[in-house]
Structures are given as C-alpha cells and as structure tokens.
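Spelled out, the chains give:
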Amino acid sequence: FEGMDGLMHFRKGWLQQCQQLIGNHELWAECGGATAVGLLKILAILAGDEETLEGCTCSWLELFAARLLHVYPNLKAFGELGALASSCMKIKGGGEGELDRMLMAILERDTQELVNLSSNLLGPWMMAHITELLTDPAAASAPLSSSEVADFGSDQIEYYRVLFAMSTASDPSMWKVAVAYLAWCPVHGARATESLFQRLPLHQCEPRTIQQALYCCDQLGLRTTADDICRRAGSHAWQQGHAGTAVYWFQRAGDEKRLRCLGRKLLERVSGGPEGCTINEAEFTKLTLMLETLEATGNIPQGDLSFLVGYHSLTRSLKQWKEVKWTLRNAQCTEDQEAAASQLHILNLGMRDRILDLIQGGKAPRRFWFSILFMVVPLMESRDAVFNVQDTQALVDCIEELTPETVLHPPPPIPSDDRLHLLRGTVRLALVRNMARSFTHSLVGT
C-alpha cells in the first residue's frame, strides 16, 4: 500500500465485502449449525462490530487492542488513545492496578506519573535508564531534566542513577560499574564516588584492584580520595608487616607524617629500641631490599628512613672498600693495581660524602654518631687521606658534643665514663692520624 490512505481505501472495500457476505442469508442457511454461528462471529469481528468485540474480549486491554485493530486502525493522536482506553475500562472494568495506571500514563503521555509508577514496579537498573526509554529522539530536551527531587538537590535523572550505583556498590566486586554510573552525575557523583571508595574493602583487594581505583580517581579528578586510598593501603600493608609496600603507598599519598612514623618504628626495630645506639645487622638485613629500592628510585623520604638508606649505602660501600683493598694488596700485575686503585679512590670519595652527609648533614640521630665513626675507623686509618683537615676537625667537634647518655644505652659492664673515654679515644686517634695525613698531603701538593 502507498501510505495509510491506500490501506484505508482497500479496507473500506474489504469491509463492504464482509457486510455483503454477512447479509447473504441463503449461504448461512445452507451452512447452518454451529459453523455458521462461528463464521458470522469472525466476520463481525473483522468488520469491527462493537457489540461482538465486547462479547469476545475478557479485559479492557483486549477490548482496547481489538478496537484499535478492527475499528480505529488509523488512530494517531495520543489523546484519542487515552479516551479510547478510558471507554474500554468503563465497559470491562479495571484501571486500578499499577500496571493499568502505567499503561494509561503511557497513552496519555504523562511522563511524571509514569516515572512515579515505574519506581515502584521496575528495578534500579531500569530506573537508571528511564530517561533513555522515555525520551523522544526528536524532542529538544529530556522529559525529566527539569524535575528536581525534593531534599536531594538534583534532578530525577541523577537521583535514579545514584540509587542504582549505590545498590550496585553493595557488592564490592561491582564497584567499577557503580563508578561508571556516578561519573554521569554532575551534582552528587563526586561525593558519592568518594563515599564508595571509602567503603571499598582494600584489605580484601589485590594490588591491581587498588591501582584501578586510583586510575578512576585520576580520571575523575579526585586527588584527595586517591591519597586516602593510598594511605589506607599503606596502613594495611604496615599492619601485615610489609614495610616496603607501606613505604610505597605512603609515598604515593604524600603522607610525610606516616613515613616519619614508619621510619622511626623501623629504626627502633633494628637498633633495639628508642634509645638504641647500634644497628643489629640481622634485623637490618631484612630491610635490604626496601632500602636498595628507595636508593635506586632516588625517592628517599626524610627522617629516619633517609638515615637507614644512607647507613645501608655506607655499609655496602665499606664492604666493597675492604674487598678492593684486599685486591689491591694481592694484585699480580700493574693493570690490576691501577684498576683497583681507581676503584678505591671512587669508593673513598663516596664514603667521605656519605659520612659527612649522615653526621654533619644531620641525617643520622646523634646516638648513632659514635657507631658510624667507629665502623669506619679502618677507612680513617688507611694511608689515603679520605677527609681533609676541615672535614676532620668538623667530625672531632661532633664527637666532643656527645655525652655518655647519648652514646651508651643500655649501660655496659664498665662505667659509662670509662667506656666513653675508650670509644672517644679510638675514634679521635683515627681522626688525628687522618688529619695528619691530610695536612701532609696538602703540603706535598703545595
């Protein structure tokens, strides 16, 4: 057919034929019985006979569909559809149920009533997409965009999306779906996303999940939330005894306070307590991987962690220094001696800078100054003038500042003053000899 007009023209001729067939009494007399009655009823339905349609339908919805098909096939206006549905309800009853009311709201294009009824019957997902279902593609705006929910501060579109996101977020494994919906909520999306991440059970999450959460925060501009996630992940790692992981997360959160606290706890662990003045090598070895990683990345936190990294670097260099010294003494050829001497010179400069950085630079707590200097006595006693005159004098001044209480804890079997005198004498003798060599070298160089 060429459009509705062609269909209606054909239908008009077809209805006339049906009426003629119904009026052919001789035919029906010959047919007779139940067959004739049934066929006449079918023809009456096809011809759109109102009384027959009412008798053959069981509900207002069936009557409504029958009238649309056989009586008003060209009905277009929504207002006429609502009036037709109302007349069918009067004849067949109904209209009290929520589904009936939803159908009437659709026929009357009452969007707000349809949304209110749908919220009682449909699930959260359907309500989150109710706008797409109800919006006419040719319409200038969404039907709910201006309908604000009381005491919510936003429109109904966002209201239902937030509800669906929160219902989805009740399952921790669905948090990414919830975040995706909240990203479309301009008013409450950011705050709801922050609340979701605060309730995310990080202690049950794999590192990959935490990284995904941080990526979402970065995409949404939730820097404070990302820092909070890192902080919580670091605290959990620290509680589990994973110091290196805790340092990583605290660094990523930029939490200097917790980094300092963690460094203080680690230092107490390897030194035997808050007042310990020597490093327990067995405990210190457990931190080797973490300290080497921090040193390699160059992202070294301030405080006691910086001291631990420096101390580890110093002990490693001292061990290499002793190995190179042995190689130099036992070298069989000139090339080996020159290579060892060059390497020894580099190590001397590196350890000199590290020692001055730890003591003069203030990275090492005062109670560790003696143990550091006593550890490097072989370096100061070597023939090379590792420290110049000014450096040596500065280290001597640092030693003079120390007291027995600073150096000794717990007290040794001999009196503290005597032990301090012995330690100070050993270190001072090494420094004086180094100063003498430095002075001699400076004169020779002049």
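Every value quoted in this text rests on a predicted model; they were computed, and no experiment measured them.

Peer 1: Looking at this model, I keep getting lost on the environment of Tyr-215. Mind explaining?
Peer 2: With respect to the element layout, Tyr-215 can be found in helix H14 (residues 207–220). You can call Tyr-215 exposed: its relative accessible area is 53%.

Peer 1: Would you mind going over the side chain of Asp-255 with me for this structure?
Peer 2: As for its placement among the helices and strands, Asp-255 is situated in the loop between helix H16 (243–253) and helix H17 (256–271). Looking at Asp-255, its side chain comes within polar contact range of the side chain of Arg-258, at 2.7 Å. With residues up to four places along the chain from it excluded, the contact list for Asp-255 reads Arg-231 and Phe-250.

Peer 1: I would appreciate a short explanation of the packing of aromatic side chains in the present structure.
Peer 2: Aromatic rings in a pair are described by how distant their centres are and how their planes are angled relative to each other. Overall, the coordinates contain 8 aromatic pairs when judged by the stated rule. When the ring of Tyr-248 is compared with that of Trp-249, the centres are 4.9 Å apart and the planes differ by 65 degrees; the resulting orientation is edge-to-face. The exposure class of Tyr-248 is partly exposed, given its relative accessible area of 37%. Put simply, the rings of Phe-284, Phe-307, Tyr-311 and Phe-368 pair up and form one aromatic cluster.

Peer 1: Explain a nonpolar patch on the surface to me, please; I cannot follow it from the model alone.
Peer 2: Taken together, Leu-99, Leu-121 and Leu-122 make up a surface patch of nonpolar side chains, about 260 Å² in accessible area. Structurally, the position occupied by Leu-121 is in helix H8 (residues 111–121).

Peer 1: Looking at this structure, how should I read the nonpolar core?
Peer 2: Nonpolar side chains tend toward joint burial in soluble globular proteins. Core analysis: the largest hydrophobic core is formed by 54 residues, its most contacted members being Met-290, Phe-307, Leu-308 and Ile-372. Ranked by the residues each element gives to this core, the list is headed by helix H20 (residues 304–329), at 9 residues. Other than its neighbours up to four places away in sequence, Phe-307 contacts Leu-267, Leu-358, Lys-363, Ala-364, Pro-365, Phe-368 and Ile-372. Of all hydrophobic cores here, the second largest spans 29 residues; its members include Tyr-181, Ile-210, Ala-213 and Cys-230.

Peer 1: Before we go on, may I ask you to explain the packing of helix H21 (residues 334–359) against helix H24 (residues 389–401) in this structure?
Peer 2: The packing of two helices is summarised by the inter-axis angle and the distance between the axes. Interaxial distance between H21 and H24 falls to 11 Å at its minimum, and their mutual angle equals 35 degrees. Relative to H24, H21 is oriented so that their crossing is left-handed. Taking contact as the criterion, the partners of Arg-352, Leu-356 and Ile-359 in H21 are, on H24, Asp-391, Leu-395 and Cys-398. Residue composition of the contact of H21 with H24, grouped by class: 4 nonpolar, no polar and 2 charged.

Peer 1: How should I be thinking about the confidence of the model for the chain in this particular structure?
Peer 2: Low-confidence regions, as indicated by low pLDDT, have predicted coordinates that should not be scrutinised in detail. Counting all residues, the mean pLDDT for the chain is 81, and 89% of those residues have values of 70 or more. Highest mean pLDDT in the chain belongs to helix H15 (residues 223–239) (92); lowest belongs to helix H25 (residues 404–407) (55). Confidence drops under pLDDT 50 across residues 408–415; counting only partners more than four residues distant or on other chains, this segment forms 12 contacts.

Analysis parameters
- Residues numbered from 1 in each chain as written.
- Predicted model: local features only at pLDDT ≥ 70, side-chain atom pairs only at ≥ 80, totals over all residues.
- Heavy atoms only, no water.
- Helix = DSSP H or I, 4+ residues; strand = E, 2+ residues; numbered from the N terminus.
- Buried < 20%, exposed > 50% of the residue type's maximum accessible area, 1.4 Å probe, protein only.
- Polar contact = N/O pair within 3.5 Å; in protein donor to acceptor, adjacent residues only side chain to side chain.
- Contact = heavy atoms within 4.5 Å.
- Phe/Tyr/Trp six-rings, centres within 6.5 Å; stacked < 30°, edge-to-face > 60°.
- Patch = residues over 30% accessible without salt bridge, like charges linked within 9 Å, V, L, I, M, F, W, Y side chains within 5 Å.
- Areas by Shrake-Rupley, 256 points an atom, 1.4 Å probe, with all protein chains shown as cover.
- Salt bridge = Lys/Arg side-chain N within 4 Å of Asp/Glu carboxyl O.
- Core = buried A, V, L, I, M, F, W, Y, C linked by side-chain atoms within 4.5 Å.
- Axes fitted to C-alpha atoms, helices over the stretch in contact; angles between N-to-C directions.
- Left-handed = near helix turned anticlockwise from the far one by under 90°.
- Nonpolar A, V, L, I, M, F, W, Y, C, P; charged D, E, K, R; others polar.
- pLDDT = per-residue confidence, 0-100.

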